[in-house]
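Okay, here's what each chain looks like letter by letter:
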Amino acid sequence: MPDKPVYLDNAAATRVDDRVVDAMMPYFLEKYAVATSEFAYSQGIEAREALDGARAALGAKLNAKPEEFIFTSGSAESSNIAIKGVALALGEKKGRHIIVSKIEDFPVLHSARALERQGFRVTYLETDGEGVVNPDKLREAIAPDTILVSIQHANQEIGTVQDIAQIGRICHEKDVLFHTDATHTFPRIEIDTRKVPVDLISIAAHTIHGPKGIGGLYFRQGTRIAKWMDGGFQEFDLRGGLENIPGAIGFAKAVELITPEETRRIQELRDRLIDRILAEIPDTTLNGHRTQRVPQNANISFHYVEGESVTLHLDMRGFAVSTGSACFSRSLEGSHVIYGIGGDHERAHGSMRMTLGRYNTIEEVDAIVAALAEVVKELRLISPLGRDKEK
Amino acid sequence: MKFPYSDAVMDHFRHPRNVGKMDDADGKAMEGSPACGDMVAVYIKVDPENQKITDAKFESYGCASNIATGSIITELAKGKSIEEAKNISWKEATDALGGLPKIKAHCSVLAVEGLRSAIENYEERHGLVKDKEATTLEVVRRRLRKVMNPLTGLDVIRTELVKDITIKEGVISLTVDLPANHQFAVAIKEEILEKLETLWDVKTVAINFSE
């Protein structure tokens, strides 16, 4: 058992960096005023300047103008605004067809389903066995009434990265808006909005050692989206409600702290984790693309065992990981991502996701490999599946 | 921190009793499938003199509740006559485990069924087979009593989640009282199909949702 818990679910939430907390503290205790117009009192003007600074920094990271970026409560809200906002703005005028990939995360997938119930037509694009969207299939799926394509930058479960530059070019050739959910790539994989033809991008702080409850939406100047939340005139009159200034400051600080060196280190840990498991534990399959993959994600199916049991055994040994098993989910359904890439039930129920972050070490990687080998061996001994295999 | 499983469940999960395959079993059965996420195999050894279960073993592909129920059901079965063992209910098994979370009821039913099927298998192999029964409303209802409603932890018949069952020329039609896009719709549908599709005189099972 490791001396302290080993946390390997960084795609779900991360430990907030102390420097992020330090940067946020003054905005709780001293500079707590609402962001006012420049004609109000000093504290309000100071708050406004802080918010503008955070907006400019995040915009700059995407090579965008500050007025092309709004703060939201997280990437789930950002994707809701992007998809439903475009549908509301263009549904009557231009058309009622949207395209998403089958393996999108729930905010995109369920926004699409919600629109479907209101009479929109949705195409759910297949991917290949590694989770990659085929650009030719996308081109074929675009119809005269298509208004929006939403394809993630990287997958939440299996980490496969899409070629958003190519996808964006296809959308723009056909005069269709393109939204991408970059929750799991920003800012570790660069997106330059002056080069990549993407119109809307969802991002969040909780995956990068920033606070929960703050995210953002980039929208290319001139992109038509309907007002999301009625209230005051905040966020360029797109999203009413008091701004989360400590969150915005924390988000900007979290982004500032991500370095290419750190991302490389995390990727090396990921490679060690994947390579050791595949080499040392029999009957394992990597889910997702081997190289076209976010640096922090490993997702492997352990055949003949069920993921909730693996998770529970690992938890007792001090490791936190996630699984695509039905038993673990809130809907009793296995991972739609593993099914989406053509995996069967057994592959979904036995899939384990391990996602790395700033605080993980090489010792932790070696420890989880050893723990997994032990747990999977024990569970296979009592499993009726895989009888012909050596136990 | 409140853990969803009782101490007894965790004990049986961590140290399952009676685990493994029995090569010379007198009766055996496999319940479930990877589709529903859980499978359990039950093996029994029966003394032909007094029809008592002298040994029972199980194997499990499943979550903690599945493993723990496999462990407890084999413990409960040992020493009982096959008639007594047939009547071990799901409630007795879960009570012996100090209860299970409602949503996990469906994973634990398998082991209880597994034991009954293993006994039936024993009876079949020893010339005690009942007549092949035609599928009636009662048969369907009996089978569906083993499908749990994850909202309540009780079965779908008792909670009236399944309605309007009809049987006509090998086609069973029924309605699940949930919207088709409900969180549990897919899982419940798969479990119902699994219970009914295997009936010898049933060709199709049509499942409708209420919305």
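Predicted model only: the values in this text are computed from it and were never measured.

J.: For this particular structure, what's the right way to read the pairing of strand β3 (residues 97-101) of chain A?
T.: Looking down a regular strand, the side chains alternate between one sheet face and the other. Residues and elements named next belong to chain A. With 5 of 5 residues buried, β3 lies mostly within the body of the structure. Of the two faces of β3, the one lined by His97, Ile99 and Ser101 and the one lined by Ile98 and Val100 are each fully buried. Direction of pairing for β3 relative to strand β4 (residues 121-125): parallel, over a ladder of 5 bridges. Among the inter-strand pairings, Val100 is bridged to a residue of β4, identified as Tyr124. Where β3 and strand β5 (residues 146-150) come together, 4 bridges link them in parallel fashion. When the sheet's bridge partners are listed, Ile99 is paired in β5 with Val149.

J.: Is there a simple way to explain helix α4 (residues 75-90) of chain A in this structure?
T.: Since the α-helix turns once every 3.6 residues, residues separated by three or four places project in the same direction. Between the first and last C-alpha of α4 of chain A there are 22 Å, a value that for 16 residues agrees with the 22 Å anticipated at 1.5 Å per step. Among the 16 residues of α4 of chain A, 13 are classified as buried, and the element is accordingly described as predominantly covered.

J.: What exactly am I supposed to notice about the domain arrangement of chain A here?
T.: When the parts come together, some accessible area is lost, and that loss is often what is quoted as the size of the interface. All names here are of chain A. Here chain A is described as being made up of domain 1 (6-14 + 260-381) and domain 2 (31-257). Looking only at domain 1, the three residues that lose the most surface to domain 2 are Thr14, His336 and Arg358, adding up to 24% of its buried area. Applying the counting rule to domain 1 against domain 2 returns 1 salt bridge. Between Arg188 and Glu262 there is a salt bridge whose closest N-O contact spans 3.0 Å. Where domain 1 meets domain 2, there are 16 residue pairs in polar contact (both at pLDDT 80 or more).

J.: Before we go on, may I ask you to explain the interface of chain A and chain B in this structure?
T.: Chain A puts 25 residues into the contact, and the matching count from chain B is 33 residues. Across the interface of chain A and chain B, roughly 2400 Å² is buried in total on both sides, 65% from carbon and sulfur atoms. Counting the surface chain A buries against chain B, the share from its top three residues, Leu332, Ile382 and Pro384 of chain A, is 25%. At the surface where chain A touches chain B, the tally comes to 1 salt bridge. Between Glu308 of chain A and Lys104 of chain B there is a salt bridge; the shortest N-O distance is 2.6 Å. One can count 6 residue pairs in polar contact (both at pLDDT 80 or more) joining chain A with chain B. Among the elements of the structure, α11 (307-316) and α13 (345-349) of chain A are those that each provide at least two residues to the side of chain A that touches chain B. Here the side of chain A that touches chain B gets 6 residues from one element, more than from any other, and that element is α11 of chain A. Of the residues belonging to the side of chain A that touches chain B, the class tally is 10 nonpolar, 6 polar and 9 charged.

J.: Would you explain the packing of helix α2 (residues 64-77) of chain B against helix α5 (residues 105-125) of chain B in this entry?
T.: For any two helices packed against each other, one specifies the crossing angle of their axes together with the interaxial distance. Residues and elements named next belong to chain B. The contact between α2 and α5 brings their axes to 8 Å, and the two run at 30°. With respect to their mutual orientation, α2 and α5 come out roughly parallel. Crossing geometry of α2 relative to α5 is assigned as right-handed. For the pair formed by α2 and α5, the contact residues are Ser65, Asn66, Thr69, Gly70, Ile73 and Ala77 on the first element and Cys107, Ser108, Leu110, Ala111, Val112 and Leu115 on the second. Of the residues assigned to the contact of α2 with α5, the class counts are 7 nonpolar, 5 polar and no charged.

J.: Hey, could you run me through helix α10 (residues 260-280) of chain A in this one?
T.: All names here are of chain A. Between the first and last C-alpha of α10 there are 30 Å, a value that for 21 residues agrees with the 30 Å anticipated at 1.5 Å per step. Regarding α10, the residues found buried are Glu262, Thr263, Ile266, Leu269, Arg270, Leu273, Ile274 and Ile277. Down the axis of α10, the buried side of the element spans an arc of 130°, and every buried residue falls inside it. Within α10, the exposed residues directed more than 90 degrees away from the buried face are Pro260, Glu261, Glu268 and Ala279. Buried positions along α10 lie against β9 (284-286), β10 (297-302), β13 (351-355) and α14 (362-381).

J.: Help me out: how do you make sense of the side chain of Thr323 of chain A in this one?
T.: Residues and elements named next belong to chain A. Counting through the fold element by element, Thr323 comes out in strand β12 (residues 322-323). Overall, Thr323 belongs to the buried group, its relative accessible area being 8%. In terms of polar contacts, Thr323 uses its side chain to reach the backbone amide nitrogen of Ser325, at 3.0 Å. A polar atom in the side chain of Thr323 sits 2.8 Å from the backbone oxygen of Ser351. Setting aside residues up to four positions removed in sequence, Thr323 forms contacts with Gly307, Glu308, Thr311, Phe328, His349, Ser351 and Met352.

J.: Would you mind showing me how to read the sheet that holds strand β1 (residues 27-33) of chain B here?
T.: Within a beta sheet, neighbouring strands are joined by backbone hydrogen bonds and run either parallel or antiparallel to one another. Residue and element names in this part refer to chain B. The antiparallel open sheet is built from 3 strands, whose spatial order is β1-β2-β3. Taken across any chain shown, the strands that pair with only one partner, and hence form the sheet edges, are β1 and β3 (52-61). Each strand axis lies, on average, 15° off the axis of its neighbour in the sheet, ignoring direction. In this sheet, β3 lies alongside strand β2 (residues 38-47) in antiparallel orientation, the contact comprising 9 bridges. Its bridge partner lying in β3, Val42 is registered against Phe58. Against the sheet, α2 engages β2 and β3, with an angle of about 175° to β3.

J.: Just checking my understanding: could you explain the pairing of strand β6 (residues 177-181) of chain A for this structure?
T.: Residue and element names in this part refer to chain A. Counting buried residues in β6 gives 5 out of 5 residues, a clear majority hidden from the surface. A two-sided burial pattern is seen for β6, the buried positions comprising Leu177, His179 and Asp181 on one face and Phe178 and Thr180 on the other. Of the strand pairs in this sheet, β5 and β6 are connected by 3 bridges, and their pairing is parallel. Paired with Ser150 across the bridge in β6 is His179.

J.: What's the story with the domain arrangement of chain B in this structure? I'm lost.
T.: All names here are of chain B. According to the domain assignment, chain B contains domain 1 (7-125) and domain 2 (137-209). Each side of the interface is counted separately: domain 1 has 12 residues, and domain 2 has 11 residues. For the pair domain 1 and domain 2, the two sides together bury roughly 950 Å², of which 61% comes from carbon and sulfur. Of all residues in domain 1, Lys102, His106 and Glu113 bury the most surface against domain 2, accounting for 41% of the area lost on that side. Connecting domain 1 to domain 2 are 1 salt bridge. In this structure, Lys195 and Glu113 form a salt bridge, with 3.9 Å as the shortest nitrogen-oxygen distance. At the junction of domain 1 and domain 2, the tally comes to 0 residue pairs in polar contact (both at pLDDT 80 or more). Elements with a minimum of two residues in the side of domain 1 that touches domain 2: β1 and α5.

The rules behind these values
- Residues numbered from 1 in each chain as written.
- Chains lettered and ligands numbered in written order.
- Predicted model: local features only at pLDDT ≥ 70, side-chain atom pairs only at ≥ 80, totals over all residues.
- Heavy atoms only, no water.
- Buried < 20%, exposed > 50% of the residue type's maximum accessible area, 1.4 Å probe, protein only.
- Helix = DSSP H or I, 4+ residues; strand = E, 2+ residues; numbered from the N terminus.
- Pairing = 2+ DSSP bridges.
- Expected span 1.5 Å × (residues − 1).
- Domains from an automatic or database assignment.
- Buried area = accessible area lost by both parts, 1.4 Å probe.
- Salt bridge = Lys/Arg side-chain N within 4 Å of Asp/Glu carboxyl O.
- Polar contact = N/O pair within 3.5 Å; in protein donor to acceptor, adjacent residues only side chain to side chain.
- Contact = heavy atoms within 4.5 Å.
- Nonpolar A, V, L, I, M, F, W, Y, C, P; charged D, E, K, R; others polar.
- Axes fitted to C-alpha atoms, helices over the stretch in contact; angles between N-to-C directions.
- Parallel < 35°, antiparallel > 145°, perpendicular 65-115°, else oblique.
- Left-handed = near helix turned anticlockwise from the far one by under 90°.
- Arc of directions from axis to C-beta.

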